[in-house]
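Survey of secondary and tertiary structure
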Amino acid sequence: MYTTILWDLDNTLLDFTATEKHAFNASMRSAGLTPTDALLALYSEINLAFWKRLERGELTREALLSQRFISFFEAAGITGVDAAQFRDTYQNNLAGVCFYLEDALALCTRLHQTHRQYIVTNGVASTQRSRLRLGHLMEVMDGVFISEELGYEKPAPEFFDICFRKIPGFQKEEAVIVGDSLTSDMLGGNQAGIACCWYNPRNLPAPDTTRIDHTIRTLQELLPIVQTLPKS
């Protein structure tokens, strides 16, 4: 039985795709530019590549935050925009909205009565905490672990080691990580020695190289996996 749930945040509980679109479009307009779906797709591809490099330890967080928009403007052929100012505007726009996936808040509220729940997320701490507060998720979580504050990114074992030390009475065999990312959530869970539940709404094929203990296509499918029992 699982008593402790470690939740990924973006594109597991919160709809980061919708958040990114909102922040990108609003930031483009603030810079006097016209947002398009094609430009958003280009930025999203570049941004994802930067985050994957961060997960692999190939660059620093500051390098990611400062370089991704420079790379985007170069790739899009956009000139005359202050990338640093655009970065700050974008980050503020990200922090100002919260879009849920499915019935995530209702599910977490229900599980709060029976399980310990923690957020485990990569990202900018101020942005993530703002979104958690806006969505009232902080009220049903027992703790929040953000890579920027811990000094390590998922899937690094050090990230999870710190989480485990900070969770009172933590038992690996009673914990499960739930997330959409194979490279940060599932790999991180593999390396940390805990059960892994892959949130896979698009029904993608499972890799042979990563242990996945459970696969769910909707968040509600988690309920029979995490059997209810009194929270200790």
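For the structure itself, look to the data block above.
This write-up is about the structure you can find in this document. These numbers come from a predicted model, not from an experiment. (Residues numbered from 1 in each chain as written. Predicted model: local features only at pLDDT ≥ 70, side-chain atom pairs only at ≥ 80, totals over all residues. Heavy atoms only, no water.)

1. A word on the overall build of the chain
Counting its secondary structure elements, the chain contains nine helices and six strands. Compactness check: the chain gives a C-alpha radius of gyration of 18 Å against a globular reference of 17 Å for 232 residues, within 12% of the reference. Based on the C-alpha atoms only, the size of the chain along its principal axes is roughly 60 × 35 × 35 Å. Relative to its full complement of 232 residues, the chain shows a buried share of 51%. Total accessible area on the chain is roughly 10,600 Å²; 51% of this is exposed by carbon and sulfur atoms. Taking the 21 positively charged and 28 negatively charged side chains of the chain as two groups, their mean positions are separated by 2 Å. (Helix = DSSP H or I, 4+ residues; strand = E, 2+ residues; numbered from the N terminus. Rg over C-alpha atoms; globule rule 2.2 N^0.38 Å. Buried < 20%, exposed > 50% of the residue type's maximum accessible area, 1.4 Å probe, protein only. Areas by Shrake-Rupley, 256 points an atom, 1.4 Å probe, with all protein chains shown as cover. Lys, Arg positive; Asp, Glu negative; His and termini not counted. Charge placed at Lys NZ, Arg CZ, Asp CG, Glu CD.)

2. Side note on the sheet that holds strand β3 (residues 143-146)
On the basis of which strands lie adjacent, the open sheet formed by six strands has the order β3-β2-β1-β4-β5-β6 and parallel pairing. Looking at the sheet topology across the chains shown, the edges are occupied by β3 and β6 (214-216). Here the average twist between neighbouring strands, direction ignored, is 20°. Direction of pairing for strand β2 (residues 116-121) relative to β3: parallel, over a ladder of four bridges. Within β3, the residue paired with Tyr118 across the bridge is Gly143. Strands in contact with helix α5 (residues 104-111) are β1 (4-7) and β2; relative to β1, the strand with the most contacts, it is inclined by about 155°. Packing of helix α6 (residues 125-134) onto the sheet brings it into contact with β2 and β3, and relative to β3 it is tilted by some 150°. (Pairing = 2+ DSSP bridges. Axes fitted to C-alpha atoms, helices over the stretch in contact; angles between N-to-C directions. Contact = heavy atoms within 4.5 Å.)

3. What to know about helix α1 (residues 16-30)
The terminal C-alpha atoms of α1 lie 21 Å apart, and with 15 residues this matches the ideal 21 Å at 1.5 Å per residue to within 8%. Phe16, Thr19, Glu20, Ala23, Phe24, Asn25, Ser27 and Met28 are the residues of α1 that are buried. Residues of α1 that are buried make contact with α2 (37-55), α3 (61-76), α4 (83-95) and α6. A side-chain oxygen of the first residue of α1 lies 3.1 Å from the backbone nitrogen of Thr17; this N-cap is Asp15. Gly32, located one to two residues past α1, shows a positive phi value of around 80°. (Expected span 1.5 Å × (residues − 1). Polar contact = N/O pair within 3.5 Å; in protein donor to acceptor, adjacent residues only side chain to side chain.)

4. Here's the deal with the packing of α2 against α3
The geometry of α2 relative to α3 is characterised by a closest axis approach of 9 Å and an angle of 150° between their N-to-C directions. Judged on the interaxial angle alone, α3 and α2 are roughly antiparallel. Seen from above, α2 lies across α3 with right-handed handedness. Between α2, through Leu39, Leu42, Tyr43, Ile46, Asn47, Phe50, Trp51 and Leu54, and α3, the contact on the second element is made entirely by Arg61, Leu64, Gln67, Arg68, Phe69, Ser71, Phe72, Ala75 and Ala76. The residue makeup of the contact of α2 with α3, split by class, is 12 nonpolar, three polar and two charged. (Parallel < 35°, antiparallel > 145°, perpendicular 65-115°, else oblique. Left-handed = near helix turned anticlockwise from the far one by under 90°. Nonpolar A, V, L, I, M, F, W, Y, C, P; charged D, E, K, R; others polar.)

5. As for the packing of α3 against α4
Close contact between α3 and α4 brings their axes to 9 Å; oriented N to C, the two are set at 110°. With respect to each other, α3 and α4 are oriented roughly perpendicular. α4 is crossed by α3, and the crossing has right-handed handedness. Two secondary-structure elements touch here, α3 through Glu62, Leu65, Ser66, Arg68, Phe69, Ile70 and Phe73 and α4 through Ala83, Phe86, Arg87, Tyr90 and Gln91. Here the residues of the contact of α3 with α4 sort into seven nonpolar, two polar and three charged.

6. As for the environment of Ser27
Inspection of the secondary structure assignment puts Ser27 in helix α1. Under the relative-accessibility criterion, Ser27 is labelled buried at 1%. As for Ser27 and Gly179, which are separated by 152 residues in sequence, their C-alpha atoms are 28 Å apart. Look past the residues within four positions of Ser27 in its chain and what remains in contact with it is Phe86, Thr89, Tyr90 and Asn93.

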